[in-house]
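# Working through the structure, step by step
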Amino acid sequence: MKAAVFVEPGRIVLQEKPIPKVGPRDALVRITLTTICGTDVHILKGEYPVARGLTVGHEPVGVIEKLGSAVSGYRVGQRVIAGAITPCGQCHSCLDGHQAQCGGKPMGGWRLGNTIDGCQAEYVLIPDAMANLAPIPDGLMDEQVLMCPDIMSTGFGGAESGGIRIGDTVAVFAQGPIGLCATVGARLSGATRIFTVDGLAERLTISSTLGSDRTISFKKEDPARVILDATHGRGVDVAIEALGTQTTFESCLRVLKPGGVLSSLGVYSGKLTMPLDAFAAGLGDHKIVTTLCPGGKERMRRLMNVLESGRADLRSLVTHRFKLDQIEAAYDLFANQRDGVLKVAIAP
Ligand SMILES: [Zn+2]
Ligand SMILES: [Zn+2]
């Protein structure tokens, strides 16, 4: 089969690999659609280390090709997705509700395209299939559910971890795919005033259509000033960080009310420092929560339920389409953020 393989920093290359052997608890899924994540770009650049020779990708949509001998409740030919996070469903962390930290290790639930071969390939092996395979409802097309495994789950997770209540005022910093999903999630959670911040005009336009009440281009306005003025100095109840930089983290704190929640989704590198004035010297009753993409089949079922009900439609996030054969070109476009790209759909 063909698979996109991490060869060395700067090189993810399409190579031939054997179709994986199916263990008792696994399922072999033939990929019909997948996508590239910002995290894959960190892998490509060598900023996030994975083993050389690993197949990358953690957002699978496909059809069950083969089931392990211990897997029941599914049939070959069934359309399924699996989350980017594929928890075992059995360990202390999983049973404690922290599936993303499966095995008690930070990010332990993230296996696809991290510690085992991922899904930018013709086939992928889904581990612990009975905890992870989520059948796609007949009414939903592949492209409609492509955001579920990671982007939608992570973005919604930011809104959920923030504990947004009906009537809340929320700010979302960065409107990339995950930030846009956080905006949708905030709306669905009951936020009635949502500020969204980005530097790209096309992202702010989509942000408006997906639920932002006031878009702010940080290139034209000072987001903290705008948000504090608009809330009469009160600040927001929940600030969602969706990029992973010092600036966005700090801006979240600067617009957060005392007692508010900073819900952080970004992947940080280097060092994150705390501005003590905005942090009220540690006495502001602020809560800072972090979330790694929730996974597992029940999470996927819920997300697809949101789409099937028509409460959210994320198809506008898919801006470009490629064949698996063209994945190196897709990486080039996505990594360099050309042509207004948000998410690319890749079909083997
Ligand atoms: Zn991802
Ligand atoms: Zn587990």
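Our structure's up above, just so we're on the same page.
Quick caveat, the model's predicted, so the values are computed rather than measured.

### Observations regarding the overall build of the chain
- Scanning the chain from N- to C-terminus turns up 11 helices and 15 strands.
- Here the C-alpha atoms of the chain give a radius of gyration of 20 Å, agreeing with the 20 Å that 2.2 N^0.38 yields for 348 residues.
- Nonlocal contacts in the chain, meaning residues at least 24 apart in sequence, comprise 69% of its contacts between residues at least 6 apart.
- Only carbon and sulfur atoms are counted for the fraction: they give 52% of the accessible area of the chain, which is about 15000 Å².
- Averaging the locations of the 36 positively and 35 negatively charged side chains of the chain gives two centres separated by 2 Å.

### Points about the coordination of the zinc ion (ligand 1)
- Every protein donor of the zinc ion (ligand 1) is accounted for by C37 (SG), H58 (NE2) and D150 (OD), and the metal-donor separations fall at 1.7 to 2.2 Å.
- Linear spacing of the donor residues for the zinc ion (ligand 1) on their chain is C-x20-H-x91-D. Here H58 lies in the loop between α1 (38–44) and β4 (61–67) and C37 lies in the loop between β3 (27–35) and α1, a separation of 21 residues in the sequence.
- Residue class for C37 comes out buried when judged on its relative accessible area of 4%.

### Thoughts on the sheet that holds strand β12 (residues 256–264)
- Spatially, β10-β9-β8-β11-β12-β13 is the arrangement adopted by the 6 strands of the open sheet, whose pairing is parallel. Single-partner strands in this sheet number two, and they are β10 (214–217) and β13 (287–290). Neighbour-to-neighbour, the strand axes of the sheet open up by a mean angle of 20°, direction not taken into account.
- The pairing of strand β11 (residues 236–241) with β12 spans 5 bridges and is parallel.

### Considerations on the pairing of β10
- Sheet topology note: the strand β9 (residues 193–198)/β10 ladder contains 4 bridges and is parallel. Directly across from F195, in β10, lies its bridge partner R214.
- Between the parallel pair β9 and β10, the chain is carried across by helix α7 (residues 201–209), and the sense of this crossover is right-handed.

### Thoughts on the pattern of salt bridges
- Inspection of the entire model under this criterion finds 21 salt bridges.
- Close ionic contact of D277 with R254 constitutes a salt bridge, the shortest N to O distance being 3.0 Å. Taken together, the residues span a long stretch of sequence, with D277 in the loop between β12 and β13 and R254 in helix α9 (residues 246–255) at a distance of 23 residues.
- Where D313 meets R315, a salt bridge forms, and the shortest distance between an N and an O atom there is 2.9 Å.
- Residue R315 is classed as partly exposed on the basis of its relative accessible area of 41%.
- Counted as one network, the salt bridges with shared partners bring together R25, R111 and D128.

### A look at the coordination of the zinc ion (ligand 2)
- Donor atoms from the polypeptide that coordinate the zinc ion (ligand 2) comprise C88 (SG), C91 (SG), C94 (SG) and C102 (SG), at 2.3 to 2.4 Å from the metal.
- Coordination of the zinc ion (ligand 2) draws on donor residues from a single chain, spaced C-x2-C-x2-C-x7-C in sequence. Placement of C91 in the loop between β5 (79–81) and α2 (92–95) and of C102 in the loop between α2 and β6 (123–126) is noted, with a sequence separation of 11 residues between them. In terms of burial, C91 and C102 fall into one category: buried.

### A short note on the packing of aromatic side chains
- Taken as a whole and judged by the stated rule, the model has 2 aromatic pairs.
- Taking 5.2 Å as the distance between ring centres and 40° as the angle between the ring planes, the aromatic pair formed by Y48 and W110 counts as tilted. In this pair, Y48 is assigned in the loop between α1 and β4 and W110 in the loop between α2 and β6, connecting sequence segments 62 residues apart.
- Here F249 and Y268 contribute two aromatic rings whose centre-to-centre distance is 6.0 Å and whose plane-to-plane angle is 90°, an arrangement assigned as edge-to-face. Here F249 is found in helix α9, whereas its partner Y268 is found in the loop between β12 and β13, with 19 residues between them in sequence.

### Quick look at α9
- Taken as a whole, α9 has its buried residues at T248, F249, S251, C252, L253 and V255.
- The inward-facing, buried residues of α9 abut β8 (169–173), α8 (223–230), β11, β12 and β13.

### Observations regarding helix α6 (residues 177–189)
- Counted at 1.5 Å a residue, the expected span for α6 with its 13 residues is 18 Å, and the 18 Å between its end C-alpha atoms agrees.
- Inspection of α6 places P177, G179, L180, C181, A182, T183, V184, G185 and A186 among the buried residues, and these make up the whole buried set.
- If you follow the buried residues of α6, they end up packed against α5 (148–161), β8, β9, α7, β11 and β15 (343–347).
- At the C-terminal side of α6, G190 shows a positive phi close to 110°.

### What to know about the pairing of strand β2 (residues 11–16)
- Pairing of strand β1 (residues 2–8) with β2, which is carried by 6 bridges, proceeds in the antiparallel orientation. For F6, the partnering residue across the bridge sits in β2 and is I12.
- Where β1 hands over to β2, the hairpin turn is made up of 2 residues, of which G10 adopts a positive phi near 90°.

### Observations concerning the side chain of T55
- Counting through the fold element by element, T55 comes out in the loop between α1 and β4.
- T55 gets classed as buried once you look at its relative accessible area, which sits at 1%.
- When residues no more than four places from it in sequence are discounted, the contact partners of T55 are A3, A4, V5, K17, G113, I116, D117, G118, Q120 and A121.

### Quick notes on the packing of α5 against α6
- Running from N to C, α5 and α6 point in directions that differ by 50°, and their axes come no closer than 7 Å. Viewed along their axes, α5 and α6 adopt a mutual orientation that is oblique. With respect to the hand of their crossing, α5 and α6 are arranged in right-handed fashion. Residues I151, M152, T154, G155, F156 and A159 of α5 pack against P177, I178, C181, A182, V184, G185, A186, L188 and S189 of α6.

Here is what the cut-offs are and how they apply
- Residues numbered from 1 in each chain as written.
- Chains lettered and ligands numbered in written order.
- Predicted model: local features only at pLDDT ≥ 70, side-chain atom pairs only at ≥ 80, totals over all residues.
- Heavy atoms only, no water.
- Helix = DSSP H or I, 4+ residues; strand = E, 2+ residues; numbered from the N terminus.
- Rg over C-alpha atoms; globule rule 2.2 N^0.38 Å.
- Contact = heavy atoms within 4.5 Å.
- Areas by Shrake-Rupley, 256 points an atom, 1.4 Å probe, with all protein chains shown as cover.
- Lys, Arg positive; Asp, Glu negative; His and termini not counted.
- Charge placed at Lys NZ, Arg CZ, Asp CG, Glu CD.
- Donors = N, O, S within 2.8 Å, 3.2 Å for Na, K, Ca; no water.
- Buried < 20%, exposed > 50% of the residue type's maximum accessible area, 1.4 Å probe, protein only.
- Pairing = 2+ DSSP bridges.
- Axes fitted to C-alpha atoms, helices over the stretch in contact; angles between N-to-C directions.
- Right-handed = clockwise from strand over helix to strand, strands pointing away.
- Salt bridge = Lys/Arg side-chain N within 4 Å of Asp/Glu carboxyl O.
- Phe/Tyr/Trp six-rings, centres within 6.5 Å; stacked < 30°, edge-to-face > 60°.
- Expected span 1.5 Å × (residues − 1).
- Parallel < 35°, antiparallel > 145°, perpendicular 65-115°, else oblique.
- Left-handed = near helix turned anticlockwise from the far one by under 90°.

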